[in-house]
Amino acid sequence: MNNADMRVGAGNRPPRSAFVRAVTTVGSYAAQMAKRPLSFIGTLIVIIFVVLAIIGPVIAPYSAREFIRDENGTLVRRASPSWEHPFGTDKEGRDVFSRVIWGAREIILLPGIATVVAVILGTCFGLTIGYLGGWLDEVASRILDSLLSIPALVLALVMLGTLGPSPVGIVIVVVLLYTPIVTRVIRSATLNIRDSGYVEAARLRGESTLYILFREILPGVLPALAVEAALRFSYAIFLIASLGFLGLGVQPPSPDWGRMVEEARGEYLRAPWSLWAPAGAIAFLVIGVNLMADGLRRIFRYEGGKDA
Amino acid sequence: MFIHKVRWQKGSIVRLLTVGVLAVLILAVGGVASAQDGEGVLRVGMVSPENLDPATGSNDPEVLFNRTIYDYLVEVTPDGVLAPNLAYDWEISEDGLTYTFFLEEGVTFHDGSAFSAADVVFTFNRLQELGSPATSLLGEFTVEAVDDLTVAFELAGPNADFMFGVASRFALILKDGTENPNVLGSGDDLFANFNGTGPFILSEYSAGERAFFVANENYWIEGQPMLAELEFLFIDDTLTQIDALRSGVVDFIFKLDVDQVPTLEGASGITIVDRATNQHPVIRIRSDEGALGEDVRVRQAFKYATNRQELLETVQEGFGVLGNNDPIGPAYGQFFDEDIEGVPFDPEMACELIQEATGEERISTDFYVVDAFNYESLGVALQQQWEQGCIDVNILLRSESLYYADTEWLEVDLGITGWGDQPVPQGYLVQAYVTDGIFNETHFSDADVDELVAQAAVTADLDERAAIYSEISQIFAERGPVIIPWFASVVGAVSDNVSGLEMHPFPGQTDFRTVSVNE
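Residues numbered from 1 in each chain as written. Chains lettered and ligands numbered in written order. Predicted model: local features only at pLDDT ≥ 70, side-chain atom pairs only at ≥ 80, totals over all residues. Heavy atoms only, no water.

1. What about the environment of Asp 195 of chain A?
Inclusion rule: The way it works is that DSSP assigns letters per residue, a run of H or I at least four long becomes a helix, a run of E at least two long becomes a strand, and they are numbered from the N terminus. Burial classification: accessible surface area is computed with a 1.4 Å probe over protein chains only, and a residue below 20% of its type maximum counts as buried, one above 50% as exposed, and the rest as partly exposed.
By secondary structure assignment, the location of Asp 195 of chain A is in the loop between helix 7 (167–193) and helix 8 (197–205). Residue class for Asp 195 of chain A comes out partly exposed when judged on its relative accessible area of 41%.

2. Here's the deal with the confidence of the model for chain B
All names here are of chain B. Rules: Residue-level confidence of the predictor, termed pLDDT, takes values from 0 up to 100. Every residue pair with non-hydrogen atoms within 4.5 Å of one another is taken to be in contact.
On average, chain B scores 88 in pLDDT, and the residues at 70 or more come to 93%. Note that pLDDT drops below 50 for residues 1–14; the model gives that stretch 26 contacts with residues more than four away or on any other chain. Confidence drops under a pLDDT of 50 for residues 24–37, and excluding neighbours within four residues, the segment shows 14 contacts in the predicted structure.

3. Regarding a nonpolar patch on the surface
What counts, and what does not: Patch rule: a residue counts if its relative accessible area is over 30% and it has no salt bridge; like charges are joined within 9 Å, and nonpolar side chains (Val, Leu, Ile, Met, Phe, Trp, Tyr) within 5 Å. Per-residue and other accessible areas follow the Shrake-Rupley method at a 1.4 Å probe size, with only the shown protein chains counted as cover for residues. Definition used for salt bridges: Asp or Glu carboxyl oxygen within 4 Å of a side-chain nitrogen of Lys or Arg.
A cluster of nonpolar side chains, namely Ile 47, Val 50, Val 51, Ile 54, Ile 55, Val 58 and Ile 59 of chain A, defines an oily patch on the protein surface of about 610 Å² accessible area. Inspection of the secondary structure puts Val 58 of chain A in helix 3 (residues 37–59).

4. Quick word on the packing of aromatic side chains
Using the following cut-off: Centres within 6.5 Å are what make two rings of Phe, Tyr or Trp a pair, Trp counting through its six-membered ring; a difference in plane orientation under 30 degrees is then read as stacked, over 60 as edge-to-face, and the rest as tilted. In this analysis the charged atom, NZ for Lys or CZ for Arg, is taken to sit over a ring once it is within 6 Å of the ring centre and within 35 degrees of the ring normal.
With the rule as written, the count across this model stands at 33 aromatic pairs over all chains. Their ring planes at 65° and their centres at 5.4 Å tell us that Phe 153 of chain B and Phe 162 of chain B sit as a pair that is edge-to-face. For Phe 153 of chain B, a relative accessible area of 0% translates into the label buried. Ring pairs connect the aromatic residues Phe 65, Phe 191, Phe 194, Tyr 205, Phe 213, Phe 232, Phe 234, Phe 252, Phe 254 and Phe 512 of chain B, which therefore count as one cluster. Cation over ring: Arg 232 of chain A sits above Tyr 178 of chain A, and NZ or CZ is 4.9 Å from the ring centre.

5. Quick notes on the side chain of Arg 513 of chain B
All names here are of chain B. Here is the rule we go by: Residues adjacent in sequence count toward polar contacts only when both atoms are side-chain atoms; beyond that, a polar contact is any pair of N or O atoms within 3.5 Å, and within protein one must be able to donate a hydrogen and the other to accept it.
With respect to the element layout, Arg 513 can be found in the loop between strand 20 (498–499) and strand 21 (516–517). Residue Arg 513 is classed as buried on the basis of its relative accessible area of 5%. For Arg 513, the side chain forms a polar contact with the side chain of Tyr 219, separated by 2.9 Å. When near neighbours in sequence (up to four residues on either side) are disregarded, Arg 513 contacts Arg 67, Asp 71, Glu 75, Asn 85, Pro 199, Tyr 219, Trp 220, Ile 221, Gln 224, Pro 225 and Met 226.

6. Considering the packing of helix 6 (residues 152–163) of chain A against helix 7 of chain A
All names here are of chain A. To keep things clear, this is the line we draw: Axis definition: a line fit to C-alpha positions, over the contact stretch in the case of helices; interaxial angles, taken between N-to-C directions, run 0 to 180 degrees. Crossing handedness: left-handed means the near helix sits turned counterclockwise from the far one by under a right angle, and right-handed means the same turn made clockwise. Lys, Arg, Asp and Glu make up the charged group, whereas Ala, Val, Leu, Ile, Met, Phe, Trp, Tyr, Cys and Pro make up the nonpolar group; the residues left over, Gly among them, are polar.
Between helix 6 and helix 7, whose axes approach to 10 Å, the crossing angle comes to 145°. The handedness of the crossing between helix 6 and helix 7 comes out as right-handed. Contact with helix 6, carried on its side by Ala 152, Leu 155, Ala 156, Met 159 and Leu 160, involves Gly 169, Ile 170, Ile 172, Val 173, Leu 176 and Leu 177 of helix 7 and no other residues of that element. Looking at the contact of helix 6 with helix 7 residue by residue, the classes come out as 10 nonpolar, one polar and no charged.

7. Observations regarding a negative patch on the surface
All names here are of chain B. Selection criterion: Note that His is not counted, nor are the chain ends; the positive residues are Lys and Arg, and the negative ones are Asp and Glu. Every charge is mapped to an atom, namely NZ of Lys, CZ of Arg, CG of Asp or CD of Glu.
A cluster of acidic residues, Glu 94, Asp 95, Glu 144 and Glu 154, forms a negative patch at the surface. Following the sequence through the fold, Glu 94 ends up in the loop between strand 4 (87–92) and strand 5 (98–103). Judged by its relative accessible area of 89%, Glu 94 is exposed.

8. What about helix 7 of chain A?
Residues and elements named next belong to chain A. Here is the rule we go by: Helix span is expected to be 1.5 Å times the residue number reduced by one. The angle between axes fitted to the seven residues ending at a residue and the seven residues starting there is what we call the bend at that residue.
Across its 27 residues, helix 7 extends 38 Å between first and last C-alpha, which sits within 8% of the 39 Å expected from 1.5 Å per residue. Maximum bend of helix 7: about 30°, positioned at Tyr 178, with proline Pro 180 one to four residues after it. A large share of helix 7 lies buried, amounting to 20 of its 27 residues.

9. Quick look at the sheet that holds strand 6 (residues 141–147) of chain B
Residue and element names in this part refer to chain B. Note the cut-off: A pair of strands counts as paired when DSSP detects no fewer than two bridges linking them.
Taken in spatial order, the four strands make up an open sheet running 4-5-7-6, and their pairing is antiparallel. Strand pairing shows two members of the sheet lacking a second neighbour, strand 4 and strand 6, which therefore form its edges. Averaged over all neighbouring strand pairs, the angle between strand axes comes to 20°, with direction disregarded. For strand 6 and strand 7 (residues 150–155), the ladder comprises six bridges, and the chain directions are antiparallel. Within strand 7, the position partnered with Val 143 by the bridge is Phe 153. The sheet contacts of helix 3 (residues 117–129) involve strand 5, strand 6 and strand 7, and relative to strand 6 the element is tilted by about 175°.

10. Examining helix 8 of chain A
Think of an α-helix as turning once every 3.6 residues; residues three or four places apart then point the same way. Residues and elements named next belong to chain A. The condition is simple: The directions from the helix axis to the C-beta atoms form the arc being described.
Turning to helix 8, its buried residues are Tyr 198, Val 199 and Ala 202. Along the long axis of helix 8, the arc covered by the buried residues comes to 105°, so they all point the same way. In the stretch just after helix 8, Gly 206 is the one whose phi turns positive, near 85°.

11. Focus on the state of the cysteines
Residue and element names in this part refer to chain B. Definition in use: Cysteine sulfur atoms that pair up within 2.5 Å are treated as a disulfide.
Summed over all chains, the structure comprises one disulfide over all chains. The disulfide partner of Cys 351 is Cys 390, and the S-S distance across this bridge is 1.9 Å. Taking the sign of the torsion about the S-S bond as the criterion, the disulfide between Cys 351 and Cys 390, at about 95°, is right-handed. Linking Cys 351 in helix 9 (residues 347–358) with Cys 390 in the loop between helix 10 (375–388) and strand 16 (391–398), this pair joins segments that are 39 residues apart in sequence. With respect to burial, Cys 351 and Cys 390 carry one shared label: buried.

12. Re the pairing of strand 1 (residues 41–46) of chain B
Residues and elements named next belong to chain B. Examined bridge by bridge, strand 1 and strand 10 (residues 229–234) share six bridges and lie parallel to one another. In the strand pairing of strand 10, Val 41 is matched with Glu 229. Pairing of strand 1 with strand 11 (residues 252–254), which is carried by two bridges, proceeds in the parallel orientation. Bridge assignment links Val 44 to a residue of strand 11, and that residue is Phe 252.

Right under this line is the structure:
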C-alpha cells in the first residue's frame, strides 16, 4: 500500500505545534458534539455515570452490602419499588438502588483502568511498529494477528478460571485482550501519517525518534485514539459484566452489575426490579458510550475502529 | 469415560435398523405385542448423568438412570424403611455376622436370561473390587450362593449399618460376568451392556441430550411398570427445567434451587413436592493447633453470632428444618435428641467470647464459599450476621469442581461445605468428625467423640445407639467445630396429570414402577 498516494495534500498542512492542534481539537469537539443530539445524549449518559461513580457513596441511601430490617428486625426482602427503595430490594433484603449506584464505581473503575492501560500500551506499540516499519512491523503484525484470533471470552474464562477471580486478574485479562486491537488501529493510523510533510520536516530537522513519535505523529492519530478508547471502554464494560455474570468477576457481596443480574436471574417473577435495575444500568452505560464513540467518529471523520 | 457420545441423524440407517431390531426383540420377548401393560409416557427433566457405572455413579441423575434399568436386592422406601425387592425376605443370625437373603423366583434380565444367586454374588464382589462408596456402609464381608435362590453374607465383624449398605443406591444387581455395565456397544448390540432386571429397557440414548426407555413387558411384578414409556431429557440449568415444566415439555423435575421454587407457586397444573432430608451445609471452623478455631471460645463465638432460624427462613426460603450445629438431624427420627439445647443467637455474647479468647475487639478472616446450591447467598447472609458478633469475613467464592477436587476444602480455616443425604448418621461421623476421618475438614480431634463413634458402629440395639448419638450431639453443642443452620428439604415439581409419583428424599431413588400418566 502506498500511503503517500492516499494522503494527497497532506504535505500542504502548515506545521503547527502539537499543543495548539490538541487544544483546537478539544474545543471544536465540544462545539460539534452539541450539534448532534444523539452523541450529546450519549456523552451526557456517560458523564452522569461517571459522576455517580465519584459521588455515589454520598447519595446512596444504604451501603451496598447492608441487609435492611424493619422496626421489628425482620429483613425487608423483595420489597417493590417505593420512595424509600426506588428500585426495590433484592432477595437478600438489600437496597437495589444503592447497589446499582455503588456498582457504578466498579463498572467504571475496572474497565476504565483496563482501557487506559490497554490504550497506552497499544499506542506505544502501534506508533513504534507503524513508524519504524520494515521487518519489525512484519513480525509484530503476525503476532498481533495470532493474538486477535483468540476468542475474548474463552481466553478470559481460561485465565480467570486458573488464576482465580480478582480485580487485578480481570484488568490483566482485559489489557491482554485489548492491547493488540488498539495496537493494530494505531499502527494503521500511523502508516497514514508517517510520510506526511511535517513528519518529514521533523526528521530533516534531526529530531529524535521519540520526539517524532509523540510530538508529531501522536497528535495526528488522536482522533483514531479517542474513538478507539471509547469503543474499547464500552466493550470492556460488557466483557467485565459478562464475567461477573459467569461468576468470574469480583467476589460477593460486591455490587458488580453482571453479578447482580446473575443473582437476580431466578427472581424474574417475584422481584423483577432486582433484575431490571442492574441490567438496565449496563444497557444504558454501554449505549451511552457507544453513542459517544459514534459522535467522536463522525466529528473526526474517522472510519476505522469498526472491528470488535 | 464410560459413555460414547452417539449422535443420530434423523432417518439414518443405523437408527432405523436399531429401532427395527429392538422392535423385533420386544415382540419376541414380550410374546404378544398388543398386550401392553401400561400406557402413557412420563418425561423427566434432569441434569445430565455422567458416570453410568452403577457401582460408582453417585448423583441423582446417575442413580435414577440406573435404577430404571436395574433392581435392588432390598431398597429404602421414601419413608426410610427397608423394603424387599429382588430379595423377598432375609434373616440375620444371632451373632449378627451372617445375613441370608431369599430371592424372587422367575425373574429375567432384559436379554432373557434368568436371575439367580450368582448375579448377586457377582454384584457385591464387584462393589468391593471397585471400592464403591457402598462399601463404607457394607464394611468387610464375603458373599456366596447357598443355592440358586439363596445368598449368604458373612461379616468380618458386627456392623449395624450393613442392611443400609445392601440397600445403598450403588447396589444395583448386575448380570453375572458383566464387564462394562452401561457402556454403549456397537452395531445391533448398542444397548447389550444395559442389561438389568429392572422395569424399563433402554431404547435410545444420546449423551447429554436424552434417554428413552420402553416398559419391560416381562417385569417380574405383575402389572408393573404402569407406564408404557419413559423419557429423560437432560437439562443442566434448573431455571430451564422449570420453564420446561411450565410449558409442558416435561412432567417431573427434582432438586430445584429453593429460591426458584416460589416462581412455580400458583402455576396451574403443577404441584410442588418436598421431602425432608439430611442434606446440609456445614460451616466448618478448623480447630487444630494454630488454626482459627483452636480455642473453643472462638468456635462458640461463631455459633452465638449465627442466627440459624433466620438463615433457614430467608436463604433456604423455609424449605428444611432447623439444624442444631451437629450432623445428627431430625430426619434420623429416634437418633435425633430434641432436648439438647442449641446455642442461641446472641451477638453480644459472641463479642465477649472473641474478646476473652483473643484479646482483640474484632477478628477478621477469609471465608471460603463453594459456588453450589444457595451457598453464595448463605455466605453473604452470614457475613452480615457475623459483623454484629465482632467477626469480619472476606468472602472468597470457589467453584465446586476446583474446591473439592483440590485439597483446599480440607485445609482452609473457615469455609462452607455441602454434605449430601446419608441413610444413617454414622457416615458423617466416621468420615468427617473422628480424628482420622478421611474428610476431617475441621481437623477436629476429640477423644470422647472418637470413642463414642466407634461404640455406635458396633451397637445394633437402636435405643442404645440413640443414647450414644445423644452424647455425641451434646459434645457438638458444647465444643463442636461446625455450624449446621439447616437440614434441607429436597424440592421437586410434578405435573398434575401424573399420579402415583412419590419423590424419594434422595430423588435419584424415586420409584417409577407405580407411576401412571393420564394423557
